[in-house]
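Architecture at a glance
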Amino acid sequence: MQRTAALDDVIFGVDVQSGDVRGDAPSYALVIFDGESIDRDVVSRRKLRRLIDDREPAIVATDNMYELAADKDALVHFLRELPDGTRLVQVTGDEQPEPLSRVASRHGVAYGKDPMKEAEAAARLAAGNVGYAVSAFSETTEVKVSRGRSTGGGGGWSEDRFTRRIHGSVKKLAREVERELEAANLEYDRDVTEKYGGFSNAVFEVEAPPEDIPVSRERSGDTRIEIERERLEGIEFEPLAHRRDHVVVGVDPGTTTAVAVVGLDGEVLEVHSTRTADTAAVIEWIIERGRPIVVAADVTPMPETVEKLRRSFDAAAWTPDSDLPVDEKLHRTREAATDNDHERDALAAALEAYDDHADQFERVAAKVPPREEVGPVLARVVAGEESVESVLDDLADEESEPAETTEHTPRDLTAEEKQIKRLQDRVDRLESHVADLNETIETKDETISDLRDKLESARSEQRAETRKRREVTRLERENDRLERELQSERERVEDLEGKLERLKALWKLDHSNFAEVEETKEGLVPVKVVEKFTTAAIEDADDRFGLAEGDIILFRDATGAGRSTAERLADLDPKLVLRTGGLSDVSDEVLFEEDVPVAPADSVTVQEVDELAVAREREVEAAIEEWREYASDREKARTAEMVDALISEHRASGHGGSV
């Protein structure tokens, strides 16, 4: 695996620790990796952004870019605020990422489901050039030189003289920027707006990212420089390293040639068919997608065209014992999308070849040390028929083998060798000149470093001011929230005061003649109101205000109750049930059997305020007494019916005579 200079820089691995990026402010598991040491911490979003600004890592690595931004617009905003030279990398792929566990396993990186371990895996994968850099901006950057203040006059200058000075300063700064761009050999287009005394602005479209432009943002008196990257229409992904993994290839030759590429984990990577490409074009297509270990066909013996492809890659051959049946090919490729029968046949061959070698792939992978790539070892074992041990020994010998040295006997140089020596001397002189230039560069770098320090100081002041503004905004939002809560509480108090007034009115209504109440000792009893005679309504009322033995219960709608609902009510053993509407036969029978008094709601005067209700105790007692008389008559009628039924049954059985 190729490594880049970024590996010597700082890499941030990030994963969500808690919370939701779309809701409450999340916290992040952060791993800071510099190739040798690792620091771990759990940070807020604000602290993460501050650390990125302060440390300016080469890479911010994550398994899902939308863990750092709620949507596309927020992602673009996040990318815009990254320091120049810092890239966001999604280590699990591009538009269709893989699970992090699979990517980590494939590259021999330790993985765990804990957020901190996932963050560390992301950092280590990015350090190994695994993943895709996420970008929302092109390589074109707009550098705009413009006025730093209004041209309305001031400072004792006449308006014309003041305006001319500002426009002259803009023109002078624009020329300095242009010289810097030319000195850096950068391509650019310039568009200026000429005004009285010079330029009102000058816009440079530079073909380079901001970090390669020798000009920085600034605002100084009469002028200012703004730097803005050109936005892309969408989000783009660029692989950190263009690598060619080892693969299994299936080929179906003919007028239409189809090729299928399958990874060493059995995943279908790509399927392609063409009617125009020759063998060389097919080989080039395969080379762009991987290095074949096995080349397979769906028929036996292997067609000559496929055999030529196999030999060109020095890969192992695979053919079935007999031509693959169509139904078997359909079954094996059922989960993959193919455009035609040729692609289906090529894919079936590749998948069958993978199935045949899967156990061997796993055995070899288990023996390969974590830091070694499995693909090259598999290629030598499968295609070269070498043992795993011998391949690993060879690789170990290559790493430990010292460089060979050979002593030469002095001799006269040939003309060609003399020419080489002269060229070598010229190279030495040029290298000396390069060294001098490097010293000059170092001097300029020191100057740039000093300027950057000043810039960083200015940025720190600006960030402090930004934090202050954000805190003020936060406090204003908190104040608004508290005012809304206060208003809500005031409305609730008003509601409760209204309810209290209604309760007072009810009390006065029921006790308007206090002398009569005192004399007759007449009292009021509470009534509990239930909307419907259903199990759900009874349980809801029980949850809200409680139903207990001896209660008086009023049903606004008593129709439709079944046996289980009536039994549930009877279990409560109420003192009286007031009904609106008629009871069903079965519920009436259950309540009668359980000796639960039932009366029409209009037989008792009930007065209500919100969920509270009361009735006169004397009316309640009268309703209960009336039900008892009804129950006695009903019981007598039932007994008479039973006697009549027994007599009829006796006579029907054939026994005559009187009873």
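Reading guide: rules and limits
- Residues numbered from 1 in each chain as written.
- Predicted model: local features only at pLDDT ≥ 70, side-chain atom pairs only at ≥ 80, totals over all residues.
- Heavy atoms only, no water.
- Helix = DSSP H or I, 4+ residues; strand = E, 2+ residues; numbered from the N terminus.
- Buried < 20%, exposed > 50% of the residue type's maximum accessible area, 1.4 Å probe, protein only.
- Contact = heavy atoms within 4.5 Å.
- Areas by Shrake-Rupley, 256 points an atom, 1.4 Å probe, with all protein chains shown as cover.
- pLDDT = per-residue confidence, 0-100.
- Pairing = 2+ DSSP bridges.
- Axes fitted to C-alpha atoms, helices over the stretch in contact; angles between N-to-C directions.
- Core = buried A, V, L, I, M, F, W, Y, C linked by side-chain atoms within 4.5 Å.
- Salt bridge = Lys/Arg side-chain N within 4 Å of Asp/Glu carboxyl O.

Counting secondary structure elements, the protein chain contains 17 helices and 22 strands. Here the protein chain, with 659 residues, has 35% of them falling under the buried criterion. If you take every contact in the protein chain between residues at least 6 apart in sequence, the share linking residues at least 24 apart comes to 62%. For the protein chain, the exposed area adds up to about 40,100 Å²; of that, 46% sits on carbon and sulfur atoms.

Moving on to the confidence of the model for the protein chain. Of the residues in the protein chain, 86% reach a pLDDT of 70 or more, and the chain-wide mean stands at 83. The least confident element of the protein chain, judged by mean pLDDT, is helix H13 (residues 514-520) at 38; the most confident is strand E4 (residues 59-62) at 95. Below pLDDT 50 for its whole length, residues 511-521 participates in five contacts with residues either more than four positions away or in separate chains.

Let's shift gears to the environment of Ile 293. One can find Ile 293 in strand E14 (residues 291-296). Considering only alpha carbons, one finds Ile 293 and Pro 376, 83 residues apart in sequence, at a separation of 9.1 Å. With sequence-adjacent residues up to four places away left out, Ile 293 is seen in contact with His 246, Val 247, Leu 264, Ala 315, Ala 316, Gly 375, Leu 378, Ala 379, Val 382 and Ala 383.

A sheet is described by the order of its strands in space; here five strands give the open sequence E13-E12-E11-E14-E15, paired in mixed fashion. The open sheet has two free edges, formed respectively by strand E13 (268-274) and strand E15 (316-318), since each of these has just one partner strand. Averaged over all pairs of adjacent strands, the angle between their axes in this sheet comes to 25°, without regard to strand direction. The pairing of strand E11 (residues 246-252) with E14 spans five bridges and is parallel. Across the sheet, the residue bridging to Val 249 is Val 295, located in E14. Sheet strands touched by helix H7 (residues 304-313): E11, E14 and E15. Its angle to E14, the strand with the most contacts, is close to 155°.

Right, let's get into the side chain of Ser 138. Within the fold, Ser 138 resides in strand E6 (residues 132-147). Not counting the four nearest positions on each side in its chain, Ser 138 is found in contact with Arg 229, Glu 230 and Leu 232.

Moving on to the sheet that holds strand E18 (residues 552-557). Whenever strands of a sheet pair, they do so through backbone hydrogen bonds, lying parallel or antiparallel. Overall, parallel pairing links the four strands, which are arranged E17-E18-E19-E20 in an open sheet. Here the strands that pair on one side only, and so sit at the sheet edges, are strand E17 (528-532) and strand E20 (598-600). Ignoring which end each strand starts from, the neighbouring axes of this sheet average 25° apart. Here three bridges tie strand E19 (residues 576-579) to E20, and the two strands are oriented parallel to one another. Pairing of Arg 579 across the sheet is with Pro 600, part of E20.

Moving on, we get to the nonpolar core. Side chains that are nonpolar tend, in soluble globular proteins, to be buried together. Among the nonpolar cores identified, the biggest contains 26 residues, and Phe 12, Leu 48 and Leu 88 are the most heavily contacted of them. For this core, the secondary-structure elements that each account for two or more residues are strand E1 (11-18), strand E2 (27-33), helix H1 (45-55), helix H2 (72-81), E6 and strand E10 (223-239). Here the element with the most residues in this core is H2; it accounts for four residues. Excluding anything up to four places from it in sequence, Leu 48 contacts Phe 12, Val 14, Tyr 28, Leu 30, Val 43 and Leu 68. With 25 residues, the next largest nonpolar core counts Val 31, Leu 100, Val 109 and Leu 125 among its residues.

A few words on the pattern of salt bridges. Going through the model one piece at a time under the given rule, you end up with 38 salt bridges. A salt bridge links Arg 80 to Glu 228; its shortest N-O distance comes to 2.1 Å. Of the two residues, Arg 80 sits in helix H2 while Glu 228 sits in strand E10, which places them 148 residues apart along the sequence. Judged by relative accessible area, which is 36%, Glu 228 ranks as partly exposed. The shortest N-O distance in the salt bridge between Glu 307 and Arg 310 comes to 2.7 Å. Separated by three residues within a single helix, Glu 307 and Arg 310 lie in helix H7, roughly one turn from each other. Each member of the pair Glu 307 and Arg 310 is classed as buried. In the salt-bridge network here, residues are joined through shared partners; they are Asp 298, Lys 329, Asp 341, Arg 344 and Asp 345.

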